[in-house]
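Chains, contacts and geometry: an overview
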Amino acid sequence: MTAPTPALAPALLQVLAGDGSTGETRIEGLTRLSGGASQQTWSFDWVQGDHRTPLILRRSPPQAVARTNIAAGLAAEAALIRLAGQQGVPVPALQAVLSPEHGLGEGFVMQRLAGETLGRRIATEARLAPARQHLARQCGQALARIHAMPLQHPAMPALRQAGPAAELAHYRQWQAGHGTLRPVFVLALQWLAAHRPAEPVTPALVHGDFRNGNLLVDERGLRGVLDWELAHAGDPMEDLGWLCVNSWRYGVHDRPVGGFGILADLFEGYRSAGGQVLPERVHWWQVMGTLKWGLICEDMLKAWLSGAERDVEKAAIGRRASEAEIDLLDLLVARR
Amino acid sequence: MHDAPSPQQIVEAVGGYLRDEAMPALASGHGDASVAHHARVAANLLAIAQRELAEDPAVAAGERARLQALLGSPQTDIAALTRQLCEAIAGGTIGQHTPGLAEHLWLTTLAKLAVDQPRYDTYRRHGGADAPEA
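This structure is a prediction, so every number in the text was calculated from the model and none was measured.

1. Quick look at the overall build of chain A
The number of helices and strands found in chain A is 11 helices and 10 strands. Whereas a compact globule of 336 residues would reach a radius of gyration of roughly 20 Å, chain A reaches 21 Å, a difference of no more than 12%. Its C-alpha atoms give chain A principal-axis dimensions of about 70 × 50 × 45 Å. Considering chain A as a whole, with its 336 residues, one finds that 54% of them fall into the buried category. Long-range contacts, defined here as pairs at least 24 residues apart, represent 68% of the contacts in chain A between residues at least 6 apart. Of the accessible surface of chain A, which amounts to about 14,200 Å², a share of 52% is contributed by carbon and sulfur atoms. Averaging the positions of the 33 positive and the 33 negative side-chain charges in chain A gives two centres separated by 4 Å.

Structure (structure tokens):
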């Protein structure tokens, strides 16, 4: 727990009160959950008389260094969460959006849902076995609804466009910039280029980080889809492929969908909500996603090597890139 | 060859954490879950360093020999050989079906996992054990 910014609680009360009075209200249990220098996530309760509302604040402080151009930004994330809720996707309810006059930077406040978010527990804990029965199907339905959200909706934020060609080019360049020597990654890039699907005729909204680790689950199943900051316009099969990357099966290899479900159920859920599954594209994006995770590890290590980050976890994660290498070999190269 | 961070850099990372975070926190009685978590990360990093430092020299020798055979090169520096291999794959002169490539990549990668994450499921599924392969 980090000591909260002294002005945070009173400013939050102003945000939540809107045009009303903050009298008889208070903030309790303000706790920082995660986040680096540029983005923060806080948990707290908003108490109004007898009424207690559990909430989450996500914000980028006013003086924060600009995020990479990959992230959609917090205002965009708030808009997406609101729109997704309207489209029947399980998401936390949006409570308030920060304005500059609040002095807290950019961000939003949303409902704090009860449930589990730790991927390993969702994949393996006995208590959640009933949820795992239909979780893959529910994920398929949620994804179909996300992918059906109209990009031309007036409330839809502007999103970067990135289909298979753009993503491949981006990650090829990224890998080259890391300066590491990984024949397995080079081989994977060759395979991805040789098998690249055509650009989708109609780009769709892609969540961008739909995986076991960003899902809120309780005994009944999927309760919330979280972390929309990597959303973009592109090939919807990207989301299905990412969900099946081995690193977030938490050791349960024979449950390709997040370590909790099978492809047939994911696809059936997707189709039942009106989506079209293109299995070869899903496989391509799973290979792409496997490589991408390895590159993310390299990137975090690079930040540590440069001195920009001091967190020991950033150093340690450099040694997880090899799991991406063995998973790529498992997908692409038979042992001879 | 193994990846960055090197054992020396790992020791630097862990030493820095223990000096700057854990020791002051423990000394003043302000421990919390985040400190415990980072201590665990640090301990795992040290275990990686230990496994790498204890690796049988035959592993690197085998990697060097396989690269020399694949590339037809007398070069002895593993990094230089690996760079050549990357260029050959990128250039299309060596590929998935080149005799020896699959075996080389599998053995090299299994040796990495033996040090980095011997409990990783894919490594175990391909016969990986706790001690690095010779």
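The discussion continues.
2. Observations concerning the pairing of strand 8 (residues 215-218) of chain A
Residue and element names in this part refer to chain A. Burial along strand 8 is two-sided: the residues Leu215 and Val217 and Leu216 and Asp218 are all buried. Relative to strand 9 (residues 221-225), strand 8 runs antiparallel, the two sharing 4 bridges. Bridge pairing links Leu215 to Val225 in strand 9. The hairpin formed by strand 8 and strand 9 contains 2 residues between the paired strands.

3. Digging into helix 1 (residues 8-17) of chain A
All names here are of chain A. Along helix 1, 7 of the 10 residues are buried, which leaves the element largely enclosed by surrounding structure. Against the buried residues of helix 1 lie strand 1 (25-34), strand 2 (40-48), strand 3 (51-60), strand 4 (94-97) and strand 5 (106-111). Immediately beyond the C-terminal end of helix 1, within one or two residues, lies Gly18, with a positive phi of roughly 65°.

4. Side note on the pattern of salt bridges
Residues and elements named next belong to chain A. In the structure shown here, the tally under the stated rule is 30 salt bridges over all chains. Among the ionic pairs, Arg127 bridges to Glu219, the shortest N-O distance being 3.1 Å. You can see Arg127 sitting in the loop between helix 3 (119-124) and helix 4 (129-148) and its partner Glu219 sitting in the loop between strand 8 and strand 9, a full 92 residues away along the chain. Arg127 sits in the partly exposed class, given a relative accessible area of 42%. With its nearest N and O atoms 3.8 Å apart, the salt bridge here joins Glu199 to Arg196.

5. Describing the packing of helix 3 (residues 57-71) of chain B against helix 5 (residues 101-116) of chain B
Any two packed helices are characterised by the angle at which their axes cross and by the distance between the axes. Residue and element names in this part refer to chain B. Two numbers describe how helix 3 lies on helix 5: the axes approach to 10 Å, and their chain directions differ by 160°. Classed by the angle they form, the pair helix 3 and helix 5 counts as roughly antiparallel. In terms of crossing hand, the pair formed by helix 3 and helix 5 is left-handed. Across the interface between the two elements, Val59, Glu63, Arg66, Leu67 and Leu70 from helix 3 touch Leu101, His104, Leu107, Thr108 and Ala111 from helix 5. Here the contact of helix 3 with helix 5 is composed, by residue class, of 6 nonpolar, 2 polar and 2 charged.

6. Let's talk about the interface of chain B and chain A
At the interface, 46 residues of chain B touch 37 residues of chain A. Taken over both partners, the interface formed by chain B and chain A buries close to 3,800 Å², and the fraction arising from carbon and sulfur atoms is 60%. Of all residues in chain B, Gln96, Trp106 and Tyr120 of chain B bury the most surface against chain A, accounting for 17% of the area lost on that side. Connecting chain B to chain A are 5 salt bridges.

7. Description of helix 6 (residues 183-194) of chain A
Spanning 12 residues, helix 6 of chain A covers 17 Å between terminal C-alpha atoms, matching the ideal 16 Å at 1.5 Å per step. Of all the 12 residues making up helix 6 of chain A, 9 are buried; the element is thus mostly covered by neighbouring parts of the structure. Regarding helix 6 of chain A, the residues found buried are Pro183, Val184, Phe185, Val186, Leu187, Ala188, Leu189, Trp191 and Leu192 of chain A. Elements in contact with the buried residues of helix 6 of chain A: helix 5 (164-178), helix 9 (279-306) and helix 11 (321-332) of chain A together with helix 4 (78-91) and helix 5 of chain B.

8. Describing the environment of Gln86 of chain A
All names here are of chain A. Note on placement: Gln86 falls in helix 2 (residues 74-86). Residue class for Gln86 comes out exposed when judged on its relative accessible area of 54%. Gln86 sits 63 residues away from Met149 along the chain, and the two C-alpha atoms are 9.6 Å apart.

9. Let's talk about the side chain of Asp116 of chain B
Topologically, Asp116 of chain B is positioned in helix 5. Take Asp116 of chain B: its relative accessible area is 5%, and that puts it in the buried class. Looking at Asp116 of chain B, its side chain comes within polar contact range of the side chain of Arg319 of chain A, at 2.6 Å. Ignoring any residue separated from it by four or fewer positions in sequence, one finds Asp116 of chain B in contact with Arg319 and Ser322 of chain A together with Asp3, Ile48 and Arg51 of chain B.

10. Observations concerning the sheet that holds strand 4 of chain A
All names here are of chain A. Reading across the sheet, the 5 strands line up as 1-2-3-5-4 and stay open at both edges, with antiparallel pairing between neighbours. At either end of the open sheet lies a strand with only one pairing partner, and these are strand 1 and strand 4. Shown here is a sheet whose adjacent strand axes are inclined to one another by a mean of 25°, direction ignored. Here strand 4 runs beside strand 5; their pairing, made up of 3 bridges, is antiparallel.

Calculation rules
- Residues numbered from 1 in each chain as written.
- Chains lettered and ligands numbered in written order.
- Predicted model: local features only at pLDDT ≥ 70, side-chain atom pairs only at ≥ 80, totals over all residues.
- Heavy atoms only, no water.
- Helix = DSSP H or I, 4+ residues; strand = E, 2+ residues; numbered from the N terminus.
- Rg over C-alpha atoms; globule rule 2.2 N^0.38 Å.
- Buried < 20%, exposed > 50% of the residue type's maximum accessible area, 1.4 Å probe, protein only.
- Contact = heavy atoms within 4.5 Å.
- Areas by Shrake-Rupley, 256 points an atom, 1.4 Å probe, with all protein chains shown as cover.
- Lys, Arg positive; Asp, Glu negative; His and termini not counted.
- Charge placed at Lys NZ, Arg CZ, Asp CG, Glu CD.
- Pairing = 2+ DSSP bridges.
- Salt bridge = Lys/Arg side-chain N within 4 Å of Asp/Glu carboxyl O.
- Axes fitted to C-alpha atoms, helices over the stretch in contact; angles between N-to-C directions.
- Parallel < 35°, antiparallel > 145°, perpendicular 65-115°, else oblique.
- Left-handed = near helix turned anticlockwise from the far one by under 90°.
- Nonpolar A, V, L, I, M, F, W, Y, C, P; charged D, E, K, R; others polar.
- Buried area = accessible area lost by both parts, 1.4 Å probe.
- Expected span 1.5 Å × (residues − 1).
- Polar contact = N/O pair within 3.5 Å; in protein donor to acceptor, adjacent residues only side chain to side chain.

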